[in-house]
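Fold and contact review
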Amino acid sequence: MSASTRIVVIGGGIVAASVAYHLARRGVSVIIVAADHAGTATDAGAGIICPWADQADDAGYRLAAEGARYYPELLAMLVGDGQADTGYAKVGALCVAAAAGALRAAAARLRSRLAATPEIGEVAVLEPGGPARMFPPLAGGLAGVWIAGGARVDGRAIRDSLLRAAVGRGARRIRAAARLDLAAERVTGVRAGADRIGADAVVVAAGAWTAQVCAGVGWPLPIGPQRGQIVHARLPGADTAGWPVVLPAGDPYLLGFPAGRVVLGATREDVGFEHAATLGGVGGLLAAGLQLAPGLARATLLETRIGFRPATADGRPLLGWLAEGLLVAAGHGPEGLTAGPWTGRAAAALALGEAPGTDVAPFDPARFSPGLPLSR
C-alpha cells in the first residue's frame, strides 16, 4: 500500500488503539471511529499479564504468550513517543492453593515452558505462609508457586497512551457509531453519523460489539458479550504498588495497584449487554475474596466496574480478513489486555498486506463464514 493509504479502525478498546498506533507509526492515514459504549472490556479489565499458568497449550495460549512477550518492546516505543503512563509493572504472580503438593504439577508445567518462553522468569514453589509474606492480606496457610515474570497493567492508561501516540503521529478520532459501506461485495469505507469515510481497508476491532458491526452488511459472527463485574477496594496504609498478582484455582483473582488499591475479579455472566452491578455478583466476589484474603476485611469499597468480554463460540479470537476490504481483530475473552497490543500489531501488518510474524490461521474469522468472498 502507498503513503496515501487510508485505513479506518472501528473500536474503542486496546485492540483498536493498538491497530491505530501501529498503522500511524508506518505513516498510514488512520481514522479511528468509536461509539461511546458503556462497559468496554478495556475499561474494566483487571490487567493481569500472566498467561503461562494456563494448562492449555493451544493456539489461544500461544497468542497470549506472544502478547506478554511483546509488552517490553511496545512500552519502549510508547516512551519514545512521549507516552510513559501505562500502569505496567512486573510485580510477579502467585498461583495459590491450600497445600504445596497441589501446586507441584503447575510448577513443572511452567518450568517445561521456560525454554520457549523465558519471559516466565524464575519459578519457585512456596510452602504454606510464603504467599502471605508477599501479599500480606492472604490467608496465612496458603502455599504458592511464584512466577517472577508476571505483571499487571492499567488497561485504561495503556489504551489512552496508544491513542495519544497514534494521534501524535497523525491519526484522527471520531466519536460515532460506525456502519460499514459495501459495494459489489467489498467494504469500501464506513458511515460515521451523517458522514461517509472512504477507505482502502476497514479494521473492525469493536470487542463485544464486533458482531453488530459486521451483521450490518449481512456477515454474522458468533462473538458476543460475557459480563464481568470487578471490585476495586482501598486498603488504608498498605503499600500495594509492588504486590504480586494472586491466581487461585478459581475466582476471584487479586492484584494491587499504587495508593492502596486492590482489585478482586471477576464474574463470568452470559446476560447480554446488561450493564449493571448486582448484589449476587459483587457479594460473591467479596465473600470469596475475604476467604482467600481475610486481611482485606478492613478495606474500603471504591467502585465496581462492569465490562463485556468479547467471547467467541469456540473460545478463539478472530484475526484476519473476513471479506474484501474488511479485517476483523477481536474476541480475546479474558486475555484482551494480554494479547490485545500484539494483536493490534498483527492486524496492522495484515491490513498492509504483510505477514503478521506468527501463524494466525487458527484465528481466521472465515472459519465461521466459509462462503464469504475473502480478500486474502
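Report follows, based on the coordinates. (Residues numbered from 1 in each chain as written. Predicted model: local features only at pLDDT ≥ 70, side-chain atom pairs only at ≥ 80, totals over all residues. Heavy atoms only, no water.)

Some points on the nonpolar core
Membership of the largest hydrophobic core comes to 80 residues, with the highest contact counts inside it found for Ile7, Leu23, Trp52, Ile147, Ile158 and Leu319. Of all the elements, helix 3 (residues 59-80) adds the most residues to this core, at 11 residues. Among all residues touching Trp52, those that are not within four sequence positions of it are Tyr61, Ala65, Ala68, Leu110, Arg113, Thr117, Glu119, Ile120, Ile147, Gly149 and Gly150. Val8, Ala211, Val217 and Val328 belong to the second-largest nonpolar core, a separate cluster that totals 31 residues. (Core = buried A, V, L, I, M, F, W, Y, C linked by side-chain atoms within 4.5 Å. Buried < 20%, exposed > 50% of the residue type's maximum accessible area, 1.4 Å probe, protein only. Helix = DSSP H or I, 4+ residues; strand = E, 2+ residues; numbered from the N terminus. Contact = heavy atoms within 4.5 Å.)

Description of the sheet that holds strand 9 (residues 178-183)
The pairing of strands in a sheet comes from backbone hydrogen bonds and takes either a parallel or an antiparallel form. The strand order across the open sheet formed by 3 strands is 9-10-11, and the pairing between neighbours is antiparallel. With one partner strand each, in any of the chains shown, strand 9 and strand 11 (195-198) form the two edges of the open sheet. Here the average twist between neighbouring strands, direction ignored, is 35°. Sheet analysis places strand 10 (residues 186-192) next to strand 11, joined by 4 bridges and oriented antiparallel. (Pairing = 2+ DSSP bridges. Axes fitted to C-alpha atoms, helices over the stretch in contact; angles between N-to-C directions.)

With respect to helix 6 (residues 155-168)
Between its terminal C-alpha atoms helix 6 stretches 20 Å, which fits the 20 Å expected from 14 residues at 1.5 Å a residue. Contact partners of the buried residues in helix 6: helix 1 (14-25), strand 2 (29-34), helix 2 (41-44), helix 3, strand 8 (172-175) and helix 9 (336-351). Here helix 6 starts with a cap whose side-chain oxygen sits 3.1 Å from the backbone nitrogen of Arg156, and that cap is Asp154. Positive phi shows up at Gly170, right after helix 6, with a value of about 110°. (Expected span 1.5 Å × (residues − 1). Polar contact = N/O pair within 3.5 Å; in protein donor to acceptor, adjacent residues only side chain to side chain.)

Focus: unusual backbone geometry
Looking along the chain, the bond that leaves Asp251 and enters Pro252 is cis, with omega of 5°. You can see Pro252 is positioned in the loop between strand 14 (245-247) and strand 15 (253-257). Non-glycine residue Ala184 carries a positive phi angle of around 50°. Assignment of secondary structure puts Ala184 in the loop between strand 9 and strand 10. Note on Ala184: relative accessible area 78%, which makes it exposed.

Examining the sheet that holds strand 19 (residues 326-330)
Spatial ordering of the open sheet is given by 8-2-1-12-19-18, a layout of 6 strands whose pairing is mixed. Both edges of this open sheet fall to strand 8 and strand 18 (318-323), since each of them pairs with a single strand only. When strand polarity is set aside, the average angle formed by the axes of neighbouring strands in this sheet is 20°. With 3 bridges connecting them, strand 12 (residues 201-204) and strand 19 associate as parallel partners. By the bridge assignment for strand 19, Val203 is matched with Leu327. Contacting strand 1 (6-10), strand 2, strand 12 and strand 19, helix 1 crosses the sheet at an angle of about 165° to strand 1.

Thoughts on the layout of surface pockets
Size it by volume and the second largest pocket reaches roughly 300 Å³. For the second largest pocket, the lining is made up of 17 residues, of which Tyr61, Arg62, Leu63, Ala65 and Glu66 are closest to its centre. With 7 residues, the single largest contributor to the lining of the second largest pocket is helix 3. Of the residues contributing to the lining of the second largest pocket, the split by class is 8 nonpolar, 3 polar and 6 charged. (1 Å grid on protein atoms, 1.4 Å probe; cavity = no way out; pocket = protein on both sides within 12 Å on 5 of 7 lines; lining within 4 Å. Points joined across faces, edges and corners; volume = space filled by probe spheres on them. Nonpolar A, V, L, I, M, F, W, Y, C, P; charged D, E, K, R; others polar.)

Here's the deal with the packing of aromatic side chains
The final tally for this structure, using the stated rule, is 5 aromatic pairs. Ring centres of Phe135 and Trp243 lie 4.7 Å apart, and the angle between their planes is 50°; this geometry places the pair in the tilted category. Of the two residues, Phe135 sits in the loop between helix 5 (130-134) and strand 6 (143-147) while Trp243 sits in the loop between strand 13 (223-234) and strand 14, which places them 108 residues apart along the sequence. Across the pair, exposure class does not vary: Phe135 and Trp243 are buried alike. Judged by centre distance (5.3 Å) and plane angle (70°), the rings of Phe273 and Phe308 are edge-to-face. In this pair, Phe273 is assigned in the loop between strand 16 (261-265) and helix 8 (279-292) and Phe308 in strand 17 (residues 300-312), connecting sequence segments 35 residues apart. By relative accessible area, which is 34% here, Phe273 ends up partly exposed. Members of the aromatic cluster, each reached through a chain of ring pairs, are Trp209, Phe273 and Phe308. The ring of Tyr61 carries Arg113 above its face, with NZ or CZ at 4.1 Å from the centroid. (Phe/Tyr/Trp six-rings, centres within 6.5 Å; stacked < 30°, edge-to-face > 60°. Lys NZ or Arg CZ within 6 Å of the ring centre and 35° of its normal.)

Some details on the side chain of Arg309
Mapped onto the elements of the fold, Arg309 is located in strand 17. Buried Arg309, no salt bridge; nearest opposite-charge side chain is Asp251, N-O distance 6.0 Å. Within polar-contact distance, the side chain of Arg309 engages the backbone oxygen of Thr267 at 2.8 Å. When sequence neighbours within four positions are dropped, the list of residues in contact with Arg309 reads Ala41, Ala208, Gly224, Pro225, Gln226, Arg227, Gly228, Ala266, Thr267, Arg268, Gly333 and Pro334. (Lys, Arg positive; Asp, Glu negative; His and termini not counted. Salt bridge = Lys/Arg side-chain N within 4 Å of Asp/Glu carboxyl O.)

Re the environment of Leu126
Examined against the element boundaries, Leu126 turns out to sit in strand 5 (residues 123-126). Remark: the alpha-carbon pair of Leu126 and Trp146, spanning 20 residues in sequence, is separated by 7.0 Å. Leave out the neighbours within four places in its chain, and Leu126 touches Leu94, Ala100, Pro131, Met134, Ala143, Gly144 and Trp146.

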